[in-house]
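Observations on the three-dimensional arrangement
So the chains spell out like this:
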Amino acid sequence: MEIEQLPGLNAILNSLSAVLLIAGYGLIRRKRIRAHRACMFAAFVTSTLFLISYLTYHYHHGSTRFQGQGWVRPVYFAILITHTTLAAVIVPFALTTLYRATRGSFARHARVARWTLPIWLYVSVTSVVVYLMLYQLYPAR
């Protein structure tokens, strides 16, 4: 795989993570604990693979400037800023949520998961939106 292909892979990994998060939420609502655990662990692995790929890409490629102009520019940066801020916030939340689940502290797990899920889902979805805007809709020439 070439470095230039990593942003597309990253979007796929984040899309998969979002699907797994939604599926995991639905499963826990139906009390399907083992399936929930499998989905959430897969979402964690997928997000970890994304982070490795993302860091690899930016280490070798650097940053990519957004080419959009007009009204779309502040929209893009609003999405990017909230995405980046929450991406930093979600790491300790996800680790805490996972840790509490693996320790069997399910009441404490559920309390933090109520915050972790929407933030993680937002970060996963907005990552795909940023990819689409940066590399598909307004690519560098």
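The preceding data block contains the structure.
Now for a look at the structure at hand. (Residues numbered from 1 in each chain as written. Predicted model: local features only at pLDDT ≥ 70, side-chain atom pairs only at ≥ 80, totals over all residues. Heavy atoms only, no water.)

In terms of regular secondary structure, the protein chain is built from 4 helices and 0 strands. Written out in order from the N terminus, the α and β elements of the protein chain read α-α-α-α. Oriented by its inertia axes, the alpha-carbon framework of the protein chain measures out at about 50 × 35 × 25 Å. Excluding contacts between residues fewer than 6 apart, the proportion of contacts in the protein chain whose partners are at least 24 apart in sequence is 71%. (Helix = DSSP H or I, 4+ residues; strand = E, 2+ residues; numbered from the N terminus. Contact = heavy atoms within 4.5 Å.)

With that settled, consider the packing of helix H1 (residues 6-29) against helix H2 (residues 33-61). Any two packed helices are characterised by how steeply their axes cross, that is the angle between the axes, and by the distance between the axes. Where H1 contacts H2, the axes come no closer than 8 Å and their chain directions differ by 160°. Looking at the two axes, H1 sits roughly antiparallel to H2. Viewed along their axes, H1 and H2 form a crossing whose handedness is left-handed. Residues of the contact of H1 with H2, tallied by class, amount to 21 nonpolar, 9 polar and no charged. (Axes fitted to C-alpha atoms, helices over the stretch in contact; angles between N-to-C directions. Parallel < 35°, antiparallel > 145°, perpendicular 65-115°, else oblique. Left-handed = near helix turned anticlockwise from the far one by under 90°. Nonpolar A, V, L, I, M, F, W, Y, C, P; charged D, E, K, R; others polar.)

If you check helix H3 (residues 72-102), its first and last C-alpha atoms are 43 Å apart, about what 31 residues at 1.5 Å a residue would give, namely 45 Å. The largest bend along H3 reaches roughly 30° and is located at Ile-90, with the proline Pro-92 sitting one to four residues downstream. Restricting attention to buried positions, one finds in H3 the residues Val-72, Tyr-76, Ile-79, His-83, Ile-90, Ala-94, Thr-97 and Arg-100. After H3 finishes, the residue Gly-104 shows a positive phi value of roughly 80°. (Expected span 1.5 Å × (residues − 1). Bend = angle between axes of the 7 residues up to and from the residue. Buried < 20%, exposed > 50% of the residue type's maximum accessible area, 1.4 Å probe, protein only.)

One way to put it is that H3 packs onto helix H4 (residues 106-137) with a least axis distance of 7 Å and a crossing angle of 145°. The chirality of how H3 crosses H4 is left-handed. Here the residues of the contact of H3 with H4 are counted per class, giving 22 nonpolar, 8 polar and 2 charged.

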